[in-house]
Structures are given as C-alpha cells and as structure tokens.
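Here is how the chains run, residue by residue.
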Amino acid sequence: MSFIGIIANSDDFEFINKELEKSIDNSNQQIINLNENSIENMRNIKFETIAICEDIQKFYNRDIVLEKFLKDAKYLLINTDINLSLYNENNSELQIITYGMNQKATVTASSIKDDEVLICVQRNMLNLENKIIEMQEFKVKRENVTNAMVYNLLVAFIIKKLYL
C-alpha cells in the first residue's frame, strides 16, 4: 500500500481527496491529511508522495518529522507560489515536482476558464512505473473554477498522473 501525505488545510484536502477518489484505486493508496495536529502521530508512516499545499512555517517545530518523511518519499510536490525553504539532501531518489501559476513550475495552469482548466506539463516526469509523462497540455473540465481551486486541481492532476 502506498501512502500519500497532503499538507493542506482541511477544505483543500477534502477537495483534493474527492478529486482523487474519482480515479485512483483507494485500495492501493491511502491519502492522509498532514496538518500541525496530525503530523506528530504520523511519524512512523513511510509516505511515498508528499504534497505541500500550504506554507509550512507552523511545522518548523516538527522539522525532524518532516525531514524523515522526505527521506523516505519518492515524490515531493511543492507549490512554487508559496514561500518555502525546504531542502532535502538525504534522498537523492526524491523526484521534486513543482506546481503553481509560476511559469517555471513543472506543472502549471496555462488557461483558466469558468468551466475548465488547461494544465501544462512543462517538463517530463516519471510515474511509479517509470513511464514518462511527457510535456503536453491537458484539459480538465470542472464547473465554477476559481483561482484558489486551480492549485488543488493541479495537485490532484499530478497525483493521478503519477499513480495511473
């Protein structure tokens, strides 16, 4: 079983989790919300993927736990639009995937409309089966798209691509 840890507020986590439930086989993946209250209880879990969706300043008193998560992880998803000073030299196998509205991000939204988001993969990535996810654009249909929702759609999109 693979563990996917998502560092996000509860509303963002619920949105991402619902998006993932539509397409990911939950019998093989367990999606867990990591927040300042739960992170201490998760210290013995080896997360395959960690998605950082919010500023982790409040986690700095738990640096050792975060460092352990990153040491064991295969994927780290980072929102490039938040101020994040996180570096991990203990895991050379860690694949860092950036996302956001920043044009230097690995995955970004190239177009946002009321009923769809055009997601652009700007650099090749390897999924869990070591298959290449090539640079291209994907159209994601969704009603009532807001700018805040786009970040959560990007996280869900990346995880779907990694695990499908």
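Now for a description of the structure that goes with this document. (Residues numbered from 1 in each chain as written. Predicted model: local features only at pLDDT ≥ 70, side-chain atom pairs only at ≥ 80, totals over all residues. Heavy atoms only, no water.)

Another point: the overall build of the protein chain. Across its full length, the protein chain holds three helices and ten strands. Pairs at least 24 apart in sequence give 57% of the contacts found in the protein chain among residues at least 6 apart. Surface accessibility of the protein chain: about 8,800 Å² in total, with carbon and sulfur atoms responsible for 44%. (Helix = DSSP H or I, 4+ residues; strand = E, 2+ residues; numbered from the N terminus. Contact = heavy atoms within 4.5 Å. Areas by Shrake-Rupley, 256 points an atom, 1.4 Å probe, with all protein chains shown as cover.)

As a further point, take unusual backbone geometry. In this structure, Asn-130 is a non-glycine residue whose phi angle is positive, near 60°. Structurally, the position occupied by Asn-130 is in the loop between strand 8 (125-126) and strand 9 (132-133). The phi angle at Asn-144 is positive, at roughly 55°, despite the residue not being glycine. Relative to the assigned elements, Asn-144 resides in the loop between strand 10 (136-141) and helix 3 (147-163). The class of Asn-144 is exposed, set by a relative accessible area of 61%. (Buried < 20%, exposed > 50% of the residue type's maximum accessible area, 1.4 Å probe, protein only.)

Let us now look at the nonpolar core. Of all hydrophobic cores here, the largest spans 36 residues; its most connected members are Ile-6, Leu-77, Val-107 and Ile-159. Elements with a contribution of two residues or more to this core: strand 1 (2-7), helix 1 (10-21), strand 4 (75-79), strand 5 (95-100), strand 6 (107-112), strand 7 (116-121), strand 10 and helix 3. Examining the composition of this core, we find that eleven residues originate from one element, helix 3, more than from any other. Not counting chain neighbours up to four residues away, the residues in contact with Ile-6 comprise Phe-13, Ile-16, Ile-31, Ile-32, Asn-33, Leu-34, Ala-51, Cys-53 and Ile-159. Listed in part, the 17 residues of the second largest apolar core include Ile-50, Ile-56, Ala-73 and Leu-94. (Core = buried A, V, L, I, M, F, W, Y, C linked by side-chain atoms within 4.5 Å.)

Below, the discussion takes up helix 1. When the terminal C-alpha atoms of helix 1 are compared, their 16 Å separation across twelve residues agrees well with the 16 Å that a helix rising 1.5 Å per residue should span. Taken together, the buried positions of helix 1 are occupied by Phe-13, Phe-15, Ile-16, Asn-17, Glu-19 and Leu-20. Close packing links the buried residues of helix 1 with strand 1, strand 2 (29-34) and helix 3. (Expected span 1.5 Å × (residues − 1).)

How two aromatic rings sit relative to each other is given by the distance of their centres and the angle of their planes. On inspection of all chains with the given rule, the structure shows three aromatic pairs. Judged by centre distance (6.4 Å) and plane angle (75°), the ring pair of Phe-3 and Phe-47 falls under edge-to-face. Here Phe-3 is found in strand 1, whereas its partner Phe-47 is found in the loop between strand 2 and strand 3 (49-52), with 44 residues between them in sequence. Centroid distance Phe-47 to Phe-69: 4.9 Å. Interplanar angle 80°. Geometry classified as edge-to-face. Placement of the pair is Phe-47 in the loop between strand 2 and strand 3 and Phe-69 in helix 2 (residues 63-72), with a sequence separation of 22 residues. Judged on exposure class, the residue Phe-47 and its partner Phe-69 are both buried. Members of the aromatic cluster, each reached through a chain of ring pairs, are Phe-3, Phe-47 and Phe-69. (Phe/Tyr/Trp six-rings, centres within 6.5 Å; stacked < 30°, edge-to-face > 60°.)

Here Asn-79 lies in strand 4. Within the local environment of Asn-79, its side chain forms a polar contact with the backbone nitrogen of Asp-81, the two atoms lying 2.7 Å apart. Beyond its immediate sequence surroundings of up to four residues, Asn-79 is in contact with Ile-52, Cys-53, Tyr-99, Gly-100 and Tyr-151. (Polar contact = N/O pair within 3.5 Å; in protein donor to acceptor, adjacent residues only side chain to side chain.)

This next bit is on the environment of Met-149. Mapping Met-149 onto the fold places it in helix 3. Sequence separation between Met-149 and Ile-16 is 133 residues, and the spatial gap between their C-alpha atoms is 9.5 Å. Apart from residues no more than four positions distant in its own chain, Met-149 is found in contact with Phe-15, Arg-142, Glu-143 and Asn-144.

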